[in-house]
Structures are given as structure tokens and as C-alpha cells.
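# Examination of the molecular architecture
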Amino acid sequence: MTTHLRFHILHICWWLCLLLGSSAMAVEFTAQEQQWLRAHSGKTLTLGLSETPSIEQFDYAGKPRGYVQELVTLLEQRLDLHITVVQVQAWSDVYNRFLSGQIDILLGANETPQRKQFMAFTRPIQRYPYVVFANRDSQIRNLGDLHQRQIGFLTDDVVFNLFPENYPHIAYQSRTFTTLEDAFAALSQHHIDGVVTSSGNQTPLYLRHHTNLIEVATLNGISSDMTLATRLADEQLARILDKVIASEHQALTRMLEKNNQLYNRKILELTAHEQSWLEQKPVVRIGVATDYLPFEYEAEGQYRGITGAFIQQVQALTGLQVRLVQGDFNSLYQQMQQGKLDLLNMAKTPERMKQFLFTAPYFKERDIILGHRNHPYVQDVYGLENKRVAVIDGFWHKEYLRRNLRHVEIVTTQNLTQSLELLDSGAVDYLIENPTVLDYYRHGLGYQELEKKGSTAADSFFYLGVNRHYPELVSIINKTLRQIDAEQMRVQGLNSVPDLQAQRIRLLVILSSILGIALLVCLVLAFLLTRRYIAQRAANALLKERQQLLYTDPLTGLDNRLSYNQAENELRHCRHPQAWMVIDLNNLKFINDQYGHLAGDQLLIQFSKLLRQSLPPQTLLFRMGGDEFLAVVQNVDETHAHQLERDLLQHLNQEMSQFQEAPLPPGPLAAIGLAWRPDATHLLADTFMLADHRMYEHKRTSKISPQMANHLAQGSLCIAD
């Protein structure tokens, strides 16, 4: 059979595949491209790549896998060529072999202006972001920490030039390494401070093999593009390959998804039994509570919210198939007991452990106790003795309260919204819930009078309860959780649920639009519609006023803790040096106990006014709760910051000695902890923690005299704050 005849038969086969429903599209080659194919028909070409295990080429269950061989087979079938895969250990070696003509096609070279002078490229088959690795025991925790440090790169890696172009404000010294293992070895020995490399989907594998390393940043703006490249003399081949890649987009997508899933299973180190269980593709029935935002949410058949983000990641890494079942928690829990569900987000209690299997915790936040602003603070659940507590039907809190308290009135509700309504109206005294959930509902529904009154010591982490017939599912999920960034999933989940406040605003906007249209269409109803429009504007103003009250402490008029939460992102940038002062008012409990809460309120009011008067005008001042305040002074040097602290303490002690409502005990009025933050490289959380620590140290040293300390050592004196 002649080459010309074979070429035409191949084209006829392509058309037959298209007519029979194949996903492949017919490729129209130019006359020059057809001539090139005829000239090289039946010849052998070499395709080179690095032999580092990745989705391109890896072993799975004792067999070679990866999309490269499947891609080669596809190209051979479409182009009547023979392609041999050549793997070389180091990227620089495979690149040099390509340049010297020993390799015809190079996989994984980024297209750059310089390379385009002697190379031709296809479109990327896929893209991998570059990542930054550092030592776990080093001070490198973000990209900016690499300033004035030594960074390692692979030889001939395009990121060597792209990194300084994209991050010109990071000054560093660079070192190059032939292999990634050499770079990691230098990093482990502290010869360099960071390594920038393409991640592929191998980051979990790197971190498992190098437990002393951490990933500190993902460079989403810089990617390693898995192109097929030829020398410029073979530009016709690059164009031909690009057309095949474009026409086989759907087939390549399926190829990548299949191999990515297998490679993830390899990274997870699933046992043969777990792999077999997954390959049988059981459909796991998952319960989604209809009123537990932001953890549980279903939209358009997708499991969203924080729990949903974790489940989606498990699906992506393992290929697990799920079916969502919606309902209130109590009905879902009953279905779990009846074996009609396989997976449900629930607390782990001794009673439930007898019925279900449990995964490791996927979200580690302990429940808090919420109460009205005027209600007293409590210590754990023991302060709820003889109190009325709202508990959602089916939630574990009912069992917990009955086990730990002698007398407690439990008020059962259908959902959290109803619990909050009862608490706000005074029908119950407290409720127990996860802080992320409470912040979401309090902010969205505007319950500014409700605040945290205590914490729970119980294990209230988030677990997935699993049908006892599926122990494989527990181990698979646990292995997957070790590869998931919990904070990233929290953010992703929060962004996937509707904002309660935004929903109300959108409703108002829609209503206003409807009224506007009605005014144009129905002139007869103009007066009535105008009145409704005015009423709507009043409602918007009332909503705005309520939002303002949400961020203001009603007693002192200062910004409250919620306001600080809103200001955190802006403060984190630290465009000018900041002085953080945590200020604690002494003797508030003494005044409350001896002279009543009205006197205590007056003490807080007068103290707040003095703080505002004593601090510079640009100071951000927050009442963080109870007798604790936070002052953030902007644009201040360290010397001035310490002078401000001394002046503030002196002024407070002088002025508050004139407090008229009740005599204050001798000793300092307040304890102050100062932490100076020169720039954004000093983490906001660390600065806050340092100021808080120094405040408590000040409080301890200023309130305990040597004589009192001697009594304490002998066990003859107790001091209560």
C-alpha cells in the first residue's frame, strides 16, 4: 500500500468516526502540513519528558499509567506516525537533548519570547501552578518572607526568569539545581531558604516524602504549561500536533480526569482493598441539612458550604460518587439510624459511636455558649444550671446537658433560626452552637444584642458519621483529609453559600425595580406606588441604621468586636507602622459585685471616654468585650508608641481616681500590653497575641506585691480578678 493511499484511507476513517458519533473532529491540514505528513509517514519520532513521577507517567497497582502513552497512541492513530517516549531524570538533560536534536518533541516547555526564536509550540494540554516550599522550622511562612533570602530553582526552568518579572519587590539570591531532590536536600540542610518549582499535582507526595518541608505559597500567576514543542525547523509538526490537540479536546479532558484520579489514589496510598471498593463505584448517600449554613447547603445538585467543600475535594481526589439527600437534621439522623443514608455531618458522642463509624475531624472548632448582652458570663455548660437553653431537635447538646447538669430547662426548636429568635426575645437564656455558624447567622440576621458568653470544653469538632457497613469509606476519607488544606476549604465553603444580608438587599432591589416598572406602565396607580416607594426607602434607611448599630457597642459608643473583624483585612496590610495596645480595666468585677452593674456600666463609660480623649485622633478603638479594649494607633514609631503607653496609663490613673459612682480599690486602674508592628511581615495575629500577653504580664506584676506573692506561695491568699 502506497503512503499516499494510506494517508487517504486514514482521512476516510476519521470521517467515519465522526459520522458514527466519535468525539474527534475532522482536522483540516494545509497542503504543506499534508506534504510533511506524507514525507514522514511510518517514521519514528521521539518524545522526551522528565521521568519524575507525575500524572504524565507513573506506576499504579504495579502497572505503568499516565496520559503520555495514551496521548502518543492517539497521535499515532491520527497521524500515521510512530512515536517513542524517552524519559530523562533531570529536566535540564531532556531540554539539552531536545536542543541537540536527539529528541524531536519536548513535553512541558513554556512558550517564551526567547524560546520562540528557535522553538515552535502547541497549546498547553494542561497547566500546573508553581509553588514555593520552605522548611517547617524556618521563619518563611509567606512569599514576602523570601525577601533578602536564597531561593532554589531547577536548571533551565522558565520560572527562573518569570519569578523576578512577577515579583519585582522581592530581592533574593538564586541557586540552580539539576534535580528537584538536590534542591530539596539543599533546603533541608538550610543552604537555601526556599524552592520554587512546578507542583503538578505532586505537592502532597513531596510533603509526605519530605516531612520537614511545608508549602508556603501557590503562584497562580505563573504556571508550567504542558505543551508539545518542536525545533523551529519542524514548525509544521508543531502546527499539526496543535490541530490534533484542539480537535481531541473532549478525549484529552477525559484522559486527564481518569489519570488524575488514578494518580491521586496513588498519592493517597490506598490499599488494594480500598482501591477495589472505589472501583466498584458505590454511590454514597449523603445527608444535607437544610438549615445549617454555612456548613450545609445544596444548590443545583451541588453540595456546598464548608462540609460540601470537603466532600467535593474527596470526590475530586478519589472519584467517589455521591447522591445528596436534603432534610432537617433530625429526619436525616433518623434515616442514618435506619440505614437509608451512608454519610452525615454529626457530632461524635458515646451513644452515636455505638451506631456509626466516624472519620477523623475535618473542622476543629469548639462550640460556644451564646446569650443576650445583659446575661452573665458562664464557665462551660456548668453555668447553665437552672437556665433555659434552646436545643435544635436531634442535636447532641440535649444529651450533653442532661449528663452534666442537675436542673436545666431544655427548649427544643426546629432550627437555628428559631433558637436565635427565642434567645433574642428572652424566651430562653442561652444556646450552644459552633462559632462560625453563629457569626454567619448573627451577622446576616442582625442580632447585635447577642454575644458569646462562654466556651465549651466538650469535643464539638465536626465529624462525618458513616454507615457501619462502609469501613473502607472511613479510611479513604481519613487519608484524603490529610491532603486537604482545612483553612482553604473553610474559605471556599463560606464563599459558596448565600449571604443572608445580601439576599435581603437583593430582594429590596428587585422590589424597587418592579415598582419602577409599575410606575411607568400604570399611571393611574402613581400615587399608590409612590407611597410604597417612599415606604421602601424608609425600610432601606432602617436597615442601614440597624447595620450601623451592629458594629457599635451600645454602652460605650465604641466600635465592637464585630467591627474589629471587619477591619482586620485592612489592618493586615499595615501600610504604616502600628502600635497595638490591649487594655484591660481592673476592678470591674469588684464594682459590679459591691455596688451593682449600673455602677459598673458608669465605670466602663467613663473609662471609654478617657481612652478616646487620651489617644491620638487617628486611633482605632474597639471594645472587644467585657472589660477588654483594643487600641490601634496608626503611623507611629516605636519610641512614640512606648511614650503613648506611659502617658495613657498615667492619665487613666489620675483621671479615674475621681470616679464618683463608687470608691475604687487602691492600685492601678488598668493593665496595658503594647506590641509595635512596623510592617505587614509581622503577622497581625502574632502582634495581637504579643500585646495580649504583655497586658496579662503587666496585670500580674502590677497587682501582686512581694508580700502578697509570699502569701500566695504559702497558700494563704487567693486573688480574684
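For the structure, see preceding data.
Figured I'd write up the structure that's included with this text. (Residues numbered from 1 in each chain as written. Predicted model: local features only at pLDDT ≥ 70, side-chain atom pairs only at ≥ 80, totals over all residues. Heavy atoms only, no water.)

## Here's the deal with a nonpolar patch on the surface
Together, Ile517, Leu520 and Val521 make up an exposed nonpolar region whose accessible area comes to about 360 Å². By the secondary structure assignment, Leu520 is in helix α19 (residues 500-521). (Patch = residues over 30% accessible without salt bridge, like charges linked within 9 Å, V, L, I, M, F, W, Y side chains within 5 Å. Areas by Shrake-Rupley, 256 points an atom, 1.4 Å probe, with all protein chains shown as cover. Salt bridge = Lys/Arg side-chain N within 4 Å of Asp/Glu carboxyl O. Helix = DSSP H or I, 4+ residues; strand = E, 2+ residues; numbered from the N terminus.)

## Re the pattern of salt bridges
Inspection of every chain in the model, using the stated rule, returns 25 salt bridges. In this structure, the salt-bridge partner of Asp104 is Arg231, at a minimum N-O distance of 3.6 Å. Highlighted residues: Asp104 in the loop between α4 (91-99) and β5 (105-107) and Arg231 in strand β12 (residues 228-231), separated in sequence by 127 residues. One salt bridge in this structure joins Arg123 and Asp242, with 2.9 Å as the shortest N-O distance. Linking Arg123 in the loop between β6 (119-121) and β7 (127-135) with Asp242 in helix α8 (residues 235-247), this pair joins segments that are 119 residues apart in sequence. Classification of Arg123 as partly exposed rests on a relative accessible area of 43%. For Asp242, a relative accessible area of 16% corresponds to the buried category. (Buried < 20%, exposed > 50% of the residue type's maximum accessible area, 1.4 Å probe, protein only.)

## A short note on the environment of Asp380
The residue Asp380 is located in the loop between β19 (368-372) and β20 (388-392) in this model. A residue is classified by how much of its surface remains accessible, and Asp380, at 12% relative accessible area, is buried. Separated by 74 residues in sequence, Asp380 and Gly454 have C-alpha atoms that sit 6.0 Å apart. Residue contacts for Asp380: discarding those within four places in its chain leaves Ile369, Tyr400, Ser455, Thr456 and Ala457. Looking at Asp380, its side chain comes within polar contact range of the main-chain nitrogen of Ala457, at 3.3 Å. (Contact = heavy atoms within 4.5 Å. Polar contact = N/O pair within 3.5 Å; in protein donor to acceptor, adjacent residues only side chain to side chain.)

## Comments concerning the packing of helix α11 (residues 305-318) against helix α18 (residues 486-495)
Across the interface, α11 lies against α18 with an axial gap of 7 Å and an inter-helix angle of 120 degrees. Classified by the angle between their axes, α11 and α18 sit oblique to one another. Every pair of crossing elements has a handedness; the one defined by α11 and α18 is right-handed. For the pair formed by α11 and α18, the contact residues are Gly305, Ile306, Ala309, Phe310, Gln312 and Gln313 on the first element and Ala486, Met489, Arg490, Gln492, Gly493 and Leu494 on the second. Its residues assigned to classes, the contact of α11 with α18 shows six nonpolar, five polar and one charged. (Axes fitted to C-alpha atoms, helices over the stretch in contact; angles between N-to-C directions. Parallel < 35°, antiparallel > 145°, perpendicular 65-115°, else oblique. Left-handed = near helix turned anticlockwise from the far one by under 90°. Nonpolar A, V, L, I, M, F, W, Y, C, P; charged D, E, K, R; others polar.)

## Remarks on the nonpolar core
Here is a general trend for soluble globular proteins: nonpolar side chains tend to be buried in one another's company. Leu343, Leu384, Leu401 and Leu420 are the most contacted members of the largest nonpolar core, which has 77 residues in total. The dominant element in this core, judged by the number of residues it contributes, is α11, at six residues. For Leu420, the contacting residues outside a window of four places in its chain are Leu370, Leu431, Leu438, Tyr441, Tyr447 and Leu450. Counting 31 residues, the second largest nonpolar core, distinct from the first, contains Leu45, Leu47, Leu71 and Val244. (Core = buried A, V, L, I, M, F, W, Y, C linked by side-chain atoms within 4.5 Å.)

## Here's the deal with the sheet that holds strand β28 (residues 670-677)
Judged by pairing direction, the sheet is antiparallel, and its four strands sit side by side in the order β26-β27-β25-β28 without closing on themselves. Either end of the sheet is taken by a strand with one partner, and the two such strands are β26 (620-625) and β28. Strand-to-strand twist in this sheet, taken as the mean axis angle between neighbours without regard to direction, amounts to 20 degrees. Looking at chain direction, strand β25 (residues 578-585) and β28 are connected through eight bridges and run antiparallel. For Asp584, the partnering residue across the bridge sits in β28 and is Ala671. The strands that helix α24 (residues 638-655) touches are β25, β27 (628-634) and β28; relative to β28, the one it contacts most, it runs at about 170 degrees. (Pairing = 2+ DSSP bridges.)

## Considerations on helix α2 (residues 31-40)
Turning to α2, its buried residues number three or more, namely Glu33, Trp36 and Leu37. One side of α2 holds all its buried residues, which, seen down the axis, span an arc of 100 degrees. With respect to the buried face of α2, the exposed residues turned more than 90 degrees away are Ala31, Gln32 and Gln35. In the segment just after α2, Gly42 is the residue with positive phi, at about 80 degrees. (Arc of directions from axis to C-beta.)

## With respect to helix α15 (residues 416-425)
Turn by turn, an α-helix covers 3.6 residues, leaving residues three or four places apart pointing in a common direction. Buried residues of α15: Leu416, Ser419, Leu420 and Leu423, and no others. Down the axis of α15, the buried side of the element spans an arc of 95 degrees, and every buried residue falls inside it. Buried residues along α15 sit against β19, β20, β21 (409-413), β22 (430-433), α16 (435-445) and β23 (450-455). Directly beyond the C-terminal end of α15, a positive phi value near 90 degrees is found at Gly426.

So yeah, pure geometry; function would need other evidence.
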